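Structural overview
Below are the chains, spelled out letter by letter.
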Amino acid sequence: MSVRLPAPERIAQPDSDIESDSASSSSDDDDQNWDDWVSDSLTKQECRSLFEDKIFPSVQEALGHDKAVHGFDLDVVCSNLSLDFHGRVRLVNYIRKNNISAKDAASFQATEAWLLSDEYLIPVLENDPLLHVSPDDWSDSDDEDASDSDPARKISLLEKKLALAQQTLLEYRNMVNNAIDLSSLANAVNEIPQGTGGALPRDDDTHYFESYGENDIHAIMIQDKVRTSTYAQFILTNPTLFRDAIVLDVGCGTGILSMFAARCGAKRVIAVDASNIVERAEKIVKANDFDDVITVVRGKVEDITLPDDITQVDIIISEWMGYALLYESMLDSVLKARDRFLKPGGVMAPSQCKMMFALCDATEIYKDRIGFWNDVYGFDMSVMTETLYDDAIVDVVGPETVLSDPVFIKDLFLGDITPRQLDFSSSFTLISTVDRRSKINSFVLYFDTFFTPSGLPVPPNTEVKFVNEGEAILAELWPVGGKPAPQRRRSTGKERERVSSFSTGPQSVPTHWKQTIFLLREPITVSEGSIVGGTFHCRKSETNSRELDVEIHYSVQQEPDSSPSDTVVQMYKVR
């Protein structure tokens with residue numbers, strides 16, 4: 001789904017004196033939000049009153065008029081009803097479409113059915129400037145709760161959310177009553193355990209863990225040489241870190257990372273996995289004579305107790321990354337393990353990941369996924385493409401398809417990031433590097449991963465390692481041709497910490513993560529130096545916590561002194 005919003009007055013320019021990465025925010029505290037980006041346009045965008053046909057020179061004057069004349073404060077109402085971006089859009093469009101009076105609009109309780117209807121996501125007025133998101137709508141930042149210290153207000157908000165959920169449940173039950181005879185299900189309903197509120201909890205985990213019980217998925221991961229060799233390189237070239245350490249391997253799979261740690265001298269390794277792969281992992285550990293060091297534990301790391309009265313570990317290793325980095329939401333479990341078991345000063349491996357974002361010409365993917373349907377043996381089947389833009393595509397694109405310098409839209413330091421911060425909003429500014437007028441049909445997202453022996457953030461301007469096709473990436477770890485690997489001469493001075501890293505970007509050998517492509521319903525035309533700016537929103541899906549909902553707001557400024565285009569909002573699922 002895509003929506004058009006009014007153009008911003010300008011697009012923020014990156015600082016020419018700093019790295020291109022800095023064109024994007026690096027933390028939740030520094031992330032620009034949607035209001036920051038469009039605030040200038042709001043000051044001059046003509047706006048119609050919600051309750052009259054009067055046109056005002058700006059949003060502020062229109063809202064001020066509605067507040068003074070009609071006693072209706074849109075921002076206060078949205079806040080009181082706890083409306084997110086989509087709720088605010090629905091509210092504005094509902095009022096405009098149905099000519100709701102200010103008195104009736106002020107009496108909404110957030111339980112109305114239209115607040116869940118996609119009908120009211122469609123603008124009633126073209127380029128309605130009121131359809132802008134407020135600062136905290138999409139980003140569930142840690143500051144949100146901190147700024148709302150009134151317990152009575154918190155209780156009121158929770159009560160409204162509960163009422164909305166109850167109303168939705170009631171409407172669903174009425175629909176089912178009209179469709180089938182529920183008396184035939186009475187016995188089944190009576191068997192639901194007490195305390196569940198009459199509904200079984202949603203299960204996002206069973207299929208996820210079962211999928212990791214199969215051989216194929218582990219073969220794919222282990223055969224990814226960029227992935228596996230980087231973990232091996234970090235572990236086996238840091239014997240001082242691992243010697244006599246207690247190591248926790250979260251999501252151990254076959255146990256290969258645990259065996260690297262044991263080979264490097266770890267005193268004890270606890271390998272945890274919730275899938276039945278642990279049955280084979282135990283046999284693998286024993287077959288390699290590590291069963292005196294490695295203990296395999298089956299269960300969720302949120303629930304387990306470490307064996308032999310161990311309460312803290314020195315190092316947590318985990319390969320938790322998913323498509324677009326955060327798909328599958330395994331990082332939540334790793335952070336829970338950190339908070340439960342990692343000793344103060346302990347090391348997370350990897351220690352840091354950066355989500356990278358760029359303009360992309362994914363023409364070949366477009367032809368395969370979209371264009372193919374335009375002519376199938378002479379038949380027009382383009383109707384098959386109507387929903388294809390709603391899902392991000394996981395595929396490989398070459399380095400020549402990247403048409404801007406990438407910027408990072410999220411910097412995750414595993415030493416202190418919280419699960420709450422994994423839902424985020426971040427502004428971006430991308431500058432086209434094309435040498436002639438070109439059409440951009442997608443954005444590309446990938447991630448860079450870093451390992452530091454200290455567990456501290458990587459130094460500024462640290463470059464990620466790109467692996468070239470045919471590069472002997474394992475030669476440093478294992479003898480080649482019967483000869484030992486060359487040893488680095490130890491420096492007598494103060495050494496800079498050695499950082500291990502890998503990239504899943506187009507510039508490197510493809511990994512099993514590939515890249516995540518966001519095809520645009522409306523391709524954009526750019527020239528050299530054209531600016532594409534906007535906001536990237538990412539959060540866990542409300543229907544499956546292991547999937548992602550992504551929303552990209554973007555506008556194009558062809559020349560530094562030209563006006564930006566309308567803002568396009570496109571929504572995607574990563575699943």
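Details of the structure are given in the entry above.
Below or above, wherever it landed, is the structure these notes cover.

Conventions adopted
- Residues numbered from 1 in each chain as written.
- Predicted model: local features only at pLDDT ≥ 70, side-chain atom pairs only at ≥ 80, totals over all residues.
- Heavy atoms only, no water.
- Helix = DSSP H or I, 4+ residues; strand = E, 2+ residues; numbered from the N terminus.
- Buried < 20%, exposed > 50% of the residue type's maximum accessible area, 1.4 Å probe, protein only.
- Contact = heavy atoms within 4.5 Å.
- Areas by Shrake-Rupley, 256 points an atom, 1.4 Å probe, with all protein chains shown as cover.
- Pairing = 2+ DSSP bridges.
- Axes fitted to C-alpha atoms, helices over the stretch in contact; angles between N-to-C directions.
- Patch = residues over 30% accessible without salt bridge, like charges linked within 9 Å, V, L, I, M, F, W, Y side chains within 5 Å.
- Salt bridge = Lys/Arg side-chain N within 4 Å of Asp/Glu carboxyl O.
- Expected span 1.5 Å × (residues − 1).
- Arc of directions from axis to C-beta.
- Phe/Tyr/Trp six-rings, centres within 6.5 Å; stacked < 30°, edge-to-face > 60°.
- Polar contact = N/O pair within 3.5 Å; in protein donor to acceptor, adjacent residues only side chain to side chain.
- Parallel < 35°, antiparallel > 145°, perpendicular 65-115°, else oblique.
- Nonpolar A, V, L, I, M, F, W, Y, C, P; charged D, E, K, R; others polar.
- Lys, Arg positive; Asp, Glu negative; His and termini not counted.
- Charge placed at Lys NZ, Arg CZ, Asp CG, Glu CD.
- Left-handed = near helix turned anticlockwise from the far one by under 90°.

**Examining the overall build of the protein**
If you tally the helices and strands in the protein, you get 16 helices and 18 strands. Burial analysis of the protein (575 residues in total) assigns 49% to the buried set. For the protein, the proportion of contacts with a sequence separation of at least 24, taken over those separated by at least 6, is 76%. For the protein, the accessible area works out to roughly 28800 Å², and carbon and sulfur atoms hold 50% of it.

**Digging into the sheet that holds strand 6 (residues 294-298)**
Strand order in this open sheet of five strands is 6-5-4-7-8, and the pairing throughout is parallel. With one partner strand each, in any of the chains shown, strand 6 and strand 8 (342-349) form the two edges of the open sheet. Across the sheet, the axes of successive neighbouring strands diverge by a mean angle of 20 degrees, strand direction being ignored. As judged from the five bridges shared by strand 4 (residues 246-250) and strand 5 (residues 268-273), these two strands associate in the parallel manner. Bridge pairing in strand 5 links Val-247 to Val-269. Sitting on the sheet, helix 14 (residues 277-287) touches strand 5 and strand 6, and the angle it makes with strand 6 is about 170 degrees.

**Overview of the pairing of strand 8**
Pairing analysis gives four bridges linking strand 7 (residues 313-318) to strand 8, with the strands arranged parallel. Note that in strand 8 the partner of Val-313 across the bridge is Leu-342.

**Points about a nonpolar patch on the surface**
Taken together, the side chains of Tyr-377, Phe-379, Met-381, Val-383 and Met-384 make up a nonpolar region of the molecular surface, amounting to roughly 590 Å² of accessible area. Along the chain, Tyr-377 falls in the loop between helix 16 (363-369) and strand 10 (393-395). By relative accessible area, Tyr-377 is classed as exposed at 78%.

**Description of helix 2 (residues 59-70)**
In this model, helix 2 (twelve residues) spans 16 Å end to end at C-alpha, consistent with the 16 Å of a helix rising 1.5 Å per residue. Three or more residues of helix 2 are buried, namely Val-59, Ala-62, Leu-63, His-65 and Asp-66. All buried residues of helix 2 fall inside an arc of 155 degrees around its axis, so they share one side. Summarising the geometry of helix 2, the exposed residues directed more than 90 degrees from the buried face are Lys-67 and Ala-68. Taken from the residues just after helix 2, Gly-71 is the one with a positive phi, measuring 70 degrees.

**Section: the packing of aromatic side chains**
Taken as a whole and judged by the stated rule, the model has 21 aromatic pairs. Seen from their ring centres, Tyr-323 and Tyr-327 are 5.9 Å apart, and the 20 degrees between their planes marks the pair as stacked. On the basis of relative accessible area, Tyr-327 is assigned to the buried category, the value being 18%. Aromatic side chains Phe-443 and Tyr-554 sit 5.4 Å apart centroid to centroid with 75 degrees between the ring planes, which places their arrangement in the edge-to-face category.

**Considering the side chain of Thr-516**
You can see Thr-516 is positioned in strand 15 (residues 515-526). On the basis of relative accessible area, Thr-516 is assigned to the buried category, the value being 1%. A polar contact of 3.3 Å, which involves the side chain of Thr-516, links it to the backbone nitrogen of Ala-324. Non-local contacts of Thr-516, meaning those with residues more than four positions away in its chain, are made with Tyr-323, Ala-324, Ala-392, Ile-393, Val-394, Phe-443, Val-444 and Leu-445.

**Some thoughts on unusual backbone geometry**
Here the residue pair Ala-349 and Pro-350 is connected by a cis peptide bond, since its omega of 5 degrees sits within 30 degrees of zero. Of note, Pro-350 is situated in the loop between strand 8 and strand 9 (352-360). The phi torsion at Asn-99 lies on the positive side, around 50 degrees, for a residue other than glycine. One can find Asn-99 in the loop between helix 4 (85-98) and helix 5 (102-106).

**Description of the pairing of strand 13 (residues 438-451)**
Buried residues dominate strand 13, accounting for 13 of its 14 residues. Where strand 9 and strand 13 come together, nine bridges link them in antiparallel fashion. Its bridge partner lying in strand 13, Leu-359 is registered against Phe-443. Bridging between strand 13 and strand 15 involves seven bridges; their strand directions are antiparallel.

**Here we look at the pattern of salt bridges**
Tallied over the full model, the rule gives 18 salt bridges. Taking the shortest distance from any N to any O, the salt bridge between Glu-52 and Lys-54 comes out at 3.7 Å. When its relative accessible area of 44% is taken as the criterion, Lys-54 is described as partly exposed. Note that Arg-369 is salt-bridged to Asp-395, the shortest N-O span being 3.4 Å. Residue Arg-369 is located in helix 16, and its partner Asp-395 is located in strand 10; the two are separated by 26 residues in the primary sequence. Judged by relative accessible area, which is 22%, Asp-395 ranks as partly exposed.

**Describing the packing of helix 10 (residues 215-223) against helix 11 (residues 225-236)**
The angle between the axes and the distance between the axes are what describe a pair of packed helices. Viewed as axis vectors pointing N to C, helix 10 and helix 11 meet at an angle of 65 degrees, and their least axial separation amounts to 5 Å. The orientation of helix 10 relative to helix 11 falls into the category roughly perpendicular. Every residue of helix 11 that contacts helix 10 at Met-221, Ile-222 and Gln-223 is listed here: Lys-225, Arg-227 and Thr-228. Looking at the contact of helix 10 with helix 11 residue by residue, the class counts come to two nonpolar, two polar and two charged.

**Observations regarding a negative patch on the surface**
Taken together, the side chains of Asp-203, Glu-210, Glu-214 and Asp-216 present a region of like negative charge at the surface. Positionally, Asp-203 belongs in the loop between helix 8 (186-190) and helix 9 (206-211). The exposure class assigned to Asp-203 is partly exposed, which follows from its relative accessible area of 48%.

**Here we look at the packing of helix 11 against helix 13 (residues 256-263)**
For the pair helix 11 and helix 13, interaxial distance at closest approach is 9 Å and the crossing angle is 25 degrees. One way to sum up the angle between helix 11 and helix 13 is to call them roughly parallel. Here helix 11 runs over helix 13; the crossing is right-handed. From helix 11, Thr-228, Tyr-231, Ala-232, Ile-235 and Leu-236 reach across to helix 13, where they touch Ile-256, Leu-257, Phe-260, Ala-261 and Arg-263. A breakdown of the residues in the contact of helix 11 with helix 13 according to their chemical character gives eight nonpolar, one polar and one charged.

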